[in-house]
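# Report on the structure
As a plain string of letters, each chain reads:
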Amino acid sequence: VETAMAADCTKVAAGVWTARSARDGLDKSITLPPDEIFRNLENAKSFAIDIGGSLTKLAYYSTVQHKVAKVRSFDHYGSGHDDEPLYEISVQEEITARLHFVKFENAYIETCLDFIKAHLVNTETKVIKATGGGAHKFKNLIEKKLGLKVDKEDEMTCLIKGCNFVLRNIPHEAFVYVKHADPEFRFQTTHPDIFPYLLVNIGSGVSIVRVESEDQFERIGGSSIGGGTFWGLGALLTQTKRFDELLQLASRGQHTNVDMLVRDIYGGAYESFGLTGDLIASSFGKSATTDKEFTKEDMAKSLLHMISNDIGQLACLYAKLHNLSRVYFGGFFIRGHPVTMHTITYSINYFTKGEVQALFLRHEGYLGAIGAFLKGAEEDNPNQYSWGENYAGSSGLMSSSPEVHPMQRTRSGTFDMLEMDRLDRQLVNLPLLHDASSYVPDTVDLTEDAMAREYWLSCFEDALDGVVKRAVASQPQSLDAPERAEKFRQKYRHKLQTLRHQPFAYGSLTVRSLLDTREHCLNEFNFPDPYSKVKQRENDVALKHFQKVVRNLDSLSMEDRQFALVKGLLAGNVFDWGAKAVSDVLETNSAFGFEEAMKQLQARPWLVDAYNDWIERLKGPPHKCALFFVDNSGIDIILGVFPFVRELLSKGTEVILASNSGPALNDVTCCELTIVTERIAAMDSVIRYGTELHPPLVQDSFRKR
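Everything quoted here is computed from the prediction, not taken from an experiment.

Quick notes on the rules
Residues numbered from 1 in each chain as written. Predicted model: local features only at pLDDT ≥ 70, side-chain atom pairs only at ≥ 80, totals over all residues. Heavy atoms only, no water. Helix = DSSP H or I, 4+ residues; strand = E, 2+ residues; numbered from the N terminus. Buried < 20%, exposed > 50% of the residue type's maximum accessible area, 1.4 Å probe, protein only. Contact = heavy atoms within 4.5 Å. Areas by Shrake-Rupley, 256 points an atom, 1.4 Å probe, with all protein chains shown as cover. Pairing = 2+ DSSP bridges. Axes fitted to C-alpha atoms, helices over the stretch in contact; angles between N-to-C directions. Polar contact = N/O pair within 3.5 Å; in protein donor to acceptor, adjacent residues only side chain to side chain. Expected span 1.5 Å × (residues − 1). Bend = angle between axes of the 7 residues up to and from the residue. Patch = residues over 30% accessible without salt bridge, like charges linked within 9 Å, V, L, I, M, F, W, Y side chains within 5 Å. Salt bridge = Lys/Arg side-chain N within 4 Å of Asp/Glu carboxyl O. Parallel < 35°, antiparallel > 145°, perpendicular 65-115°, else oblique. Left-handed = near helix turned anticlockwise from the far one by under 90°. Core = buried A, V, L, I, M, F, W, Y, C linked by side-chain atoms within 4.5 Å. Disulfide = S-S within 2.5 Å. pLDDT = per-residue confidence, 0-100. Nonpolar A, V, L, I, M, F, W, Y, C, P; charged D, E, K, R; others polar.

As a further point, take the overall build of the chain. Counting its regular elements, the chain contains 21 helices and 22 strands. Buried residues in the chain amount to 52% of all 705 residues. The contacts in the chain between residues at least 6 apart in sequence include a share of 72% that link residues at least 24 apart. In the form shown here, the chain has an accessible surface area of approximately 32,700 Å², with 51% of it arising from carbon and sulfur atoms.

Rendered as structure tokens:
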């Protein structure tokens, strides 16, 4: 176990601290730049800490000031001011809440506490919640360094609260591990109702907990054979004292050199009992009958299999006894190690014949710290809000096979971070969904489709120069805009490069998550909506053509009108600045408009073509309700979507328009769409009647999540 060292701690530059640990005579220098680690510490309000055997996890709550783009209608319908913009854009300061979680080695706890103390400015708390086995050991050090009273919390309670929190707030938190797959992480869609579940926490020993609700859970079993057993016996067998090094040995070992298999006893499979020949009959069985020395690697691998199989069988028995299908594994024994996850997964699959999956958590290491923080913040009831991962400030899942990326397992003196922002409102599942548990909002999982992943990553990287250009242009009065835009470019490009090598870093990789990551990075450098002026101009131009498009549609026969409406939807969707080929055309040819896009459409049949089915359906009774997830501003929403909406309204169908709550390229936001809808309603009696009959017509879909 690494303990905190009385390190030589020196402030070497403004805001940068270094520490040097003298343990074993090793130079273990670290730097703590405040803009990357312990971010926004000056606005920290409350703290919690979880100290394990080798890692410390710090949690704190802060307020973050950032810019937001607001739109406000000029309210001049019918006043003759056709040349005036539809709405005005203003950039305002807004304060939001953020949760920060930082993970580092215990060897640096004293240095980090010194750094925190030096940067605390506005903290309101007098107490720090603490959990974990090291909470007692480091109590005096924490109180001395921070001047805060340490209030210890029950470790298991914190663990459960943290687990509930991440399952509820992070869509792709849980995953199954599939060795040799590409990628090896397969993320699961979290069920809307996360309860009940089984949590198998593998620390020194094993605790098995049945979780029924937010505050109702019970330890139903456990074992003294756990991570401490692997560590202790492994040290005796291999003289290797460090846990990670022991796992490295196991990853290179061959357990069949030490374990006695079924075929070693029966010469093959034991078919009458359904036992295959390569099944372990006796762990370490060959050591009693073979007169030879075994390698450290083989003994470590055999030991890992023995303990993992024991834990897996125990977990399966309890899952069956309590009729639970969701089993999550956590604890320092897991800690994202591929070798451990593989052996646990194999054991669960074997004993349940595939009926139960071994589930692991992306942020398993933070559960205790999250739970301790929630215990300290119960008066503010943080669970009444929804929280979203801020990709710009989070490290992401770094695990990979140690044989492939050994350096990721020896990152001494480095830090992992997780940041979560409080959302404007609590997220709920769309009530119109037939089965919310099986709904997947993305068409392609880029984590699993390597060809599609490379295509989209290249698209986003190729578009980066254009986004930087738009960001600078959106703030012409700001002298530091070019510098901030360049910092955005560097950060987002780094994120894209990370996702090329670790597509699983933030859960399932999708086009939506790539957009979210870009918006998070833009917000990080105070570019709340780089395309705001582009959208404003496109909306103004499209509105001038709306009545002409409607008159042309009304002059057509019913069947010709339906075909023209569908073509209008397709043509409108062309105007997406996220597509580089389109953005190049729009940048160089301002005359390219709706009619030109209509002419460019390919003839039927289209790639996905259900037009004939749609026409047949229209011959029946009108639809009761139609829900549109709208996309681009300007021509798309005004000349493509609204004429289609108008047609449905004329048949008596209720229409709901769902738009993004926040910016994403030239996508129309809810606030912008509300103003556009009001303006079109003032111009068209069918739209006006629809808004009066079924208010509100426009709904916020919170980024279509």
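What follows covers the sheet that holds strand 18 (residues 387-389). Remark on secondary structure: sheet strands pair via backbone hydrogen bonds, oriented parallel or antiparallel. Pairing in this open sheet of 7 strands is mixed, and the strands run 8-7-4-5-6-19-18 from one edge to the other. The two strands at the open ends of the sheet, each matched to only one other strand, are strand 8 (149-152) and strand 18. Recorded for the sheet is a direction-independent mean angle of 30° between the axes of neighbouring strands. Two elements, strand 4 (residues 44-51) and strand 5 (residues 55-73), share 7 bridges in a ladder whose sense is antiparallel. Paired with alanine 48 across the bridge in strand 5 is alanine 59. Each of strand 5 and strand 6 (87-105) is contacted by helix 20 (residues 670-683), which is oriented at about 20° to strand 5, the strand it contacts most.

Right, let's get into the side chain of asparagine 539. For asparagine 539, the position within the fold is in helix 14 (residues 532-554). Within the local environment of asparagine 539, its side chain forms a polar contact with the side chain of tyrosine 87, the two groups lying 3.2 Å apart.

The end-to-end C-alpha separation of helix 14 is 33 Å, in line with the 33 Å expected for 23 residues at 1.5 Å each. Roughly 35° is the biggest bend found in helix 14, and it falls at histidine 545.

With an omega of -10°, the peptide bond between phenylalanine 195 and proline 196 qualifies as cis. That bond from arginine 604 to proline 605 is cis: its omega, 5°, falls within 30 degrees of zero. For proline 605, the location among the structural elements is in the loop between helix 17 (594-600) and helix 18 (611-618). A positive phi angle is found at lysine 353, which is not glycine, with a value near 55°. Relative to the helices and strands, lysine 353 resides in the loop between helix 8 (338-352) and strand 17 (357-361). Among the residues examined, lysine 353 registers a relative accessible area of 73% and is labelled exposed. Phi at asparagine 526 takes a positive value of approximately 60°, unusual for a residue other than glycine. With respect to the helices, strands and loops of the structure, asparagine 526 is situated in the loop between helix 13 (511-524) and helix 14. Judged by relative accessible area, which is 23%, asparagine 526 ranks as partly exposed.

Let us look at a nonpolar patch on the surface. On the surface, Leu430, Leu432, Leu627 and Phe629 cluster together to form a nonpolar patch covering roughly 350 Å² of accessible area. One can find leucine 432 in the loop between strand 19 (416-422) and helix 10 (450-462).

Here we come to the packing of helix 4 (residues 227-238) against helix 7 (residues 296-321). Between helix 4 and helix 7, the shortest axis-to-axis distance is 10 Å and the interhelical angle comes to 160°. Viewed along their axes, helix 4 and helix 7 adopt a mutual orientation that is roughly antiparallel. As helix 4 runs across helix 7, the sense of the crossing is right-handed. Residue-level contacts link Thr229, Phe230, Leu233, Gly234, Leu237 and Thr238 of helix 4 to Lys296, Met299, Ala300, Leu303, Leu304 and Ile307 of helix 7.

Further remarks concern the environment of leucine 146. Position of leucine 146 relative to the elements: it lies in helix 2 (residues 139-146). Once residues lying within four places of it in the same chain are set aside, the contact partners of leucine 146 are Leu113, Ile116, Lys117 and Ile128.

A few words on the nonpolar core. Ranked by internal contacts, the top residues of the largest apolar core, which has 43 residues, are Val200 and Phe329. For this core, the element with the highest residue contribution is helix 7, accounting for 10 residues. Among residues more than four places away in sequence, those in contact with valine 200 are Val206, Ser207, Ile208, Ile311, Ala315, Val327, Tyr328, Phe329 and Gly330. Among the nonpolar cores identified, the runner-up in size contains 42 residues, and Tyr611, Val645, Ile675 and Ile680 belong to it.

Strand order in the open sheet formed by 7 strands is 10-9-17-16-11-12-13, and the pairing between neighbours is mixed. Here the strands that pair on one side only, and so sit at the sheet edges, are strand 10 (185-187) and strand 13 (217-223). Here the average twist between neighbouring strands, direction ignored, is 35°. Both strand 11 (residues 197-202) and strand 16 (residues 326-330) contribute to a ladder of 4 bridges, which runs parallel. Bridge assignment links asparagine 201 to a residue of strand 16, and that residue is glycine 330.

This paragraph deals with the side chain of serine 308. Looking at the element boundaries, serine 308 is found in helix 7. Once residues lying within four places of it in the same chain are set aside, the contact partners of serine 308 are Phe333, Thr343, Ile344 and Ser347.

Time to look at the state of the cysteines. As enumerated under the stated definition, the model contains 0 disulfides in all. Unpaired in terms of disulfides, cysteine 670 finds its nearest cysteine sulfur in cysteine 671, a separation of 5.9 Å.

Turning our attention to helix 13. Taking 1.5 Å per residue, 14 residues should reach 20 Å; helix 13 reaches 20 Å between its end C-alpha atoms and fits that length. The element helix 13 is extensively covered by neighbouring structure, given that 10 of its 14 residues are classed as buried. Burial in helix 13 covers these residues: Ser513, Leu514, Leu515, Asp516, Thr517, Arg518, Glu519, His520, Cys521 and Leu522. Buried residues along helix 13 sit in contact with strand 18, helix 10, helix 11 (464-473) and helix 12 (481-501). Positive phi appears at asparagine 526, one or two residues downstream of helix 13, with a value of about 60°.

Another aspect to go through is the confidence of the model for the chain. Averaged over every residue, the pLDDT of the chain is 87; the share at 70 or more is 88%. Ranking the helices and strands of the chain by mean pLDDT puts strand 12 (residues 206-211) first, with 97, and strand 1 (residues 8-13) last, with 40. Below a pLDDT of 50 lies the segment residues 1-17, which in the model reaches 51 contacts outside its immediate sequence neighbourhood of four places, other chains included. Counting contacts from residues 19-29, a segment whose pLDDT is below 50, to residues more than four positions away or on other chains yields 22 contacts.

Next up on the list: the packing of helix 15 (residues 558-572) against helix 19 (residues 635-650). Close contact between helix 15 and helix 19 brings their axes to 8 Å; oriented N to C, the two are set at 150°. Relative to helix 19, helix 15 is oriented roughly antiparallel. Like other packed secondary-structure pairs, helix 15 and helix 19 cross with a definite hand, here left-handed. Judged by residue contacts, Arg561, Gln562, Leu565, Val566, Gly568, Leu569 and Gly572 of helix 15 engage Ile635, Asp636, Gly640, Val641, Pro643, Phe644 and Glu647 from helix 19. The residue makeup of the contact of helix 15 with helix 19, split by class, is 7 nonpolar, 4 polar and 3 charged.

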